[in-house]
Amino acid sequence: MRKLLLIAATTMILWGTGVATSIGHAQTLNVAASSIHFCGEILPAHQPAIAQRWLKSLTRQAAYSDDLRAMKRRAAVVFPIIEPIIEKYNIPSDFKYIPLIESELIGNAVSSQGAAGFWQLMPQTARTLGLRVNRKHDDRMNLLKATEAACRYIRSLHRILGNWTLVAAAYNSGPNFVRQLRREHPDQHPIELPYKAQTQAYLYQAVAVKELFSRPQVYKKYLKPRALAALSKDTDPITEDERLAILSTIEKAAEEADALDDEAMDTGALSEVDAEAVTLLASISDEPFFLLDEKKPIPASVPVVNVPVEQAPAAGTISTVPRLETRSLSGNALTEGQLFIFEVVRPQSINGVQVGVGDLLYAQVQYLDAASGRAFLRTQKLVKAQNQETINLKLSAVEQVQQPGVRFPTRETLASGWRLSWEQI
């Protein structure tokens, strides 16, 4: 499930190393244990089993400093949009962390089971909530509509369960299972119930992300200095260019949802993210979206996009030139000297540089040839989505192998996201 700082479920439940060890972990957390809470409900971190699970979740997520930083920056743009909607439905503000765990706030994220969008709603659930989901349109990828629908669903879960922690668990595993557990264990704290491993991990993830995002200074002993600075207020503020780029990806997700057609659906425009291109940590659930590979560094966010098939090389030739696939985030008019920002949609290695999905490529229109109807663009730099590192990368926009120049785009192409390929020539 897409690259979040989340925990493997099996590690979350294998805590049995003795009561003394568990008590030691509880003591390690004693500074904050009395105030760790989710939706107003205090986490009973004084209990050895809960203390150890919580500590494992916290330390695991705190270790992914680059991911924390990238997600914090995206949340800085998205949270102000969804918070008023959550408040309108009288839902605790902590539920804003649910879409962060579910999809890393990526609108066109889709799970192997068919859950999609910011809140990872299943098709039938979304339709029941009033969203339009068919082969030509998917409201789950519209941030405002999906948030309204998710809030209606969360309110309905609360009417059934009467407890917000139980609601969060039911969002992951379904209300019937959670209601039955509550009936069997009426005196236990909601987080203590014998959930499936995936749901147990999900709850601890929600609490850990919320705590790290809202009170990073309390957990500074677990955070690297750079992550601590990124999570703290008034440090490393998001730039206007970053904010606009993030808003653009949100708008693109909604536009692509409006523009879905039968061909796009049949060719996998809404397919599951390739495991090699994963960008969140696993949000462990019955409908996995991210897969945690501890042997690899976790890359930056990976939106699911429909990448056009590359044009084949001329007959008799075999292309071995690395090609970078992108789509534009700016719908600017095509003029000489105009700057375009492109988002990478397929991971690639070019000239020793590992380029990941979601990285931003800055390019300039160098020349427009009206006679041939072709535009010549050259990149200036690459900005890594994971850590905002800037890399000088000179590439040319191409259609044919090692032949600079592309056809003029139509107005519709520019508005919907201009897809370009790039090579080093």
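Keep in mind it's a predicted model, so treat the numbers as computed, not measured. (Residues numbered from 1 in each chain as written. Predicted model: local features only at pLDDT ≥ 70, side-chain atom pairs only at ≥ 80, totals over all residues. Heavy atoms only, no water.)

Remarks on the overall build of the protein chain
Working step 1: Along the backbone of the protein chain there are 14 helices and 13 strands.
Working step 2: Summarising the internal contacts of the protein chain: among those between residues at least 6 apart in sequence, 65% fall at separations of at least 24.
Working step 3: Total accessible area computed for the protein chain in this model is approximately 18,400 Å², and 52% of it derives from carbon and sulfur atoms. (Helix = DSSP H or I, 4+ residues; strand = E, 2+ residues; numbered from the N terminus. Contact = heavy atoms within 4.5 Å. Areas by Shrake-Rupley, 256 points an atom, 1.4 Å probe, with all protein chains shown as cover.)

A few points about empty space enclosed by the protein
The gaps of empty space that remain are located by a probe, the size of a water molecule, rolled over the atoms.
Working step 1: Evaluation of the coordinates by the stated rule reveals 1 cavity of 30 Å³ or more.
Working step 2: Taken as a whole, the largest cavity encloses approximately 80 Å³ of empty space.
Working step 3: Lining the largest cavity, in full, are Ile36, His37, Phe38, Glu41, Ile42, Leu43, Thr165, His189, Ile191, Leu203 and Val207.
Working step 4: When residues of the lining of the largest cavity are traced back to their parent elements, those giving at least two are strand E1 (37-38), strand E2 (41-42) and helix H10 (197-214).
Working step 5: A breakdown of the residues in the lining of the largest cavity according to their chemical character gives 7 nonpolar, 3 polar and 1 charged. (1 Å grid on protein atoms, 1.4 Å probe; cavity = no way out; pocket = protein on both sides within 12 Å on 5 of 7 lines; lining within 4 Å. Points joined across faces, edges and corners; volume = space filled by probe spheres on them. Nonpolar A, V, L, I, M, F, W, Y, C, P; charged D, E, K, R; others polar.)

So, unusual backbone geometry
Working step 1: Positioned with a positive phi, Glu104 is a non-glycine residue whose angle comes to about 55 degrees.
Working step 2: Tracing the sequence through the fold places Glu104 in the loop between helix H5 (97-103) and helix H6 (123-128).
Working step 3: A relative accessible area of 3% places Glu104 in the buried class.
Working step 4: The phi dihedral of Leu105 falls on the positive side, at around 60 degrees, and the residue is not glycine.
Working step 5: With respect to the helices, strands and loops of the structure, Leu105 is situated in the loop between H5 and H6. (Buried < 20%, exposed > 50% of the residue type's maximum accessible area, 1.4 Å probe, protein only.)

Some details on the nonpolar core
Working step 1: One finds Trp54, Phe95, Trp119, Tyr171 and Phe213 to be the most contacted residues of the largest nonpolar core, which totals 73 residues.
Working step 2: Once you skip the residues sitting within four places of it in the chain, Phe213 turns out to touch Leu68, Met71, Lys72, Ala75, Tyr97, Leu100 and Leu231.
Working step 3: Membership of the second largest hydrophobic core comes to 24 residues, among which are Val344, Leu377, Leu393 and Leu395. (Core = buried A, V, L, I, M, F, W, Y, C linked by side-chain atoms within 4.5 Å.)

Concerning the side chain of Thr326
Working step 1: As for its placement among the helices and strands, Thr326 is situated in strand E3 (residues 324-328).
Working step 2: At 2.9 Å, the side chain of Thr326 and the side chain of Trp422 are in polar contact. (Polar contact = N/O pair within 3.5 Å; in protein donor to acceptor, adjacent residues only side chain to side chain.)

What to know about the side chain of Asp138
Working step 1: Its location among the elements puts Asp138 in the loop between H6 and helix H7 (143-161).
Working step 2: A polar side-chain atom of Asp138 sits 2.7 Å from a polar atom in the side chain of Arg140.

Re the environment of Arg140
Working step 1: Relative to the helices and strands, Arg140 is located in the loop between H6 and H7.
Working step 2: Among the residues examined, Arg140 registers a relative accessible area of 5% and is labelled buried.
Working step 3: Considered as a pair, Arg140 and Val110 are 30 residues apart in the sequence and their alpha carbons are 10.0 Å apart.
Working step 4: A polar atom in the side chain of Arg140 sits 2.9 Å from the backbone oxygen of Gly114.

What to know about the pairing of E3
Working step 1: Burial analysis of E3 places 5 of its 5 residues in the buried class, which makes it a mostly covered element.
Working step 2: Because side chains alternate across E3, one face comprises the buried residues Leu324, Thr326 and Ser328, and the other comprises Glu325 and Arg327, equally buried.
Working step 3: Here E3 runs beside strand E13 (residues 419-423); their pairing, made up of 4 bridges, is antiparallel. By the bridge assignment for E13, Leu324 is matched with Trp422.
Working step 4: Strand direction decides the pairing type here: E3 and strand E4 (residues 339-344), joined by 3 bridges, are antiparallel. (Pairing = 2+ DSSP bridges.)

A closer look at the packing of helix H3 (residues 48-62) against H10
Working step 1: Their axes nearest at 9 Å, the elements H3 and H10 cross at an angle of 60 degrees. Comparing the axis directions of H3 and H10 gives the class oblique. H10 is crossed by H3, and the crossing has right-handed handedness. Where H3 approaches H10, its residues Ile50, Arg53, Trp54, Ser57, Leu58, Gln61 and Ala62 are matched on the opposing element by Gln200, Tyr204, Gln205, Val207, Ala208, Val209, Glu211 and Leu212.
Working step 2: Here the residues of the contact of H3 with H10 are counted per class, giving 9 nonpolar, 4 polar and 2 charged. (Axes fitted to C-alpha atoms, helices over the stretch in contact; angles between N-to-C directions. Parallel < 35°, antiparallel > 145°, perpendicular 65-115°, else oblique. Left-handed = near helix turned anticlockwise from the far one by under 90°.)

Notes on the packing of helix H8 (residues 164-173) against helix H9 (residues 175-184)
The angle between the axes and the distance between the axes are what describe a pair of packed helices.
Working step 1: At their nearest, the axes of H8 and H9 sit 7 Å apart, and the two run at 135 degrees to each other. By the angle between their directions, the pair H8 and H9 is classed as oblique. Of the residues in H9, those in contact with Leu166, Ala169, Ala170 and Ser173 of H8 are Pro175, Phe177, Val178 and Arg182.
Working step 2: The class makeup of the residues in the contact of H8 with H9 is 6 nonpolar, 1 polar and 1 charged.

A short note on the confidence of the model for the protein chain
If pLDDT is low for a region, its predicted coordinates should not be looked at in detail.
Working step 1: Summing up the model confidence of the protein chain, the mean pLDDT is 75 and the portion of residues at 70 or higher is 74%.
Working step 2: Within the protein chain, helix H13 (residues 262-266) has the poorest average pLDDT of any element, 36, and H8 the best, 94.
Working step 3: Below pLDDT 50 for its whole length, residues 1-28 participates in 102 contacts with residues either more than four positions away or in separate chains.
Working step 4: Here residues 260-319 is modelled with pLDDT under 50, and outside its nearest four sequence neighbours on either side it reaches 185 contacts, counting other chains as well. (pLDDT = per-residue confidence, 0-100.)

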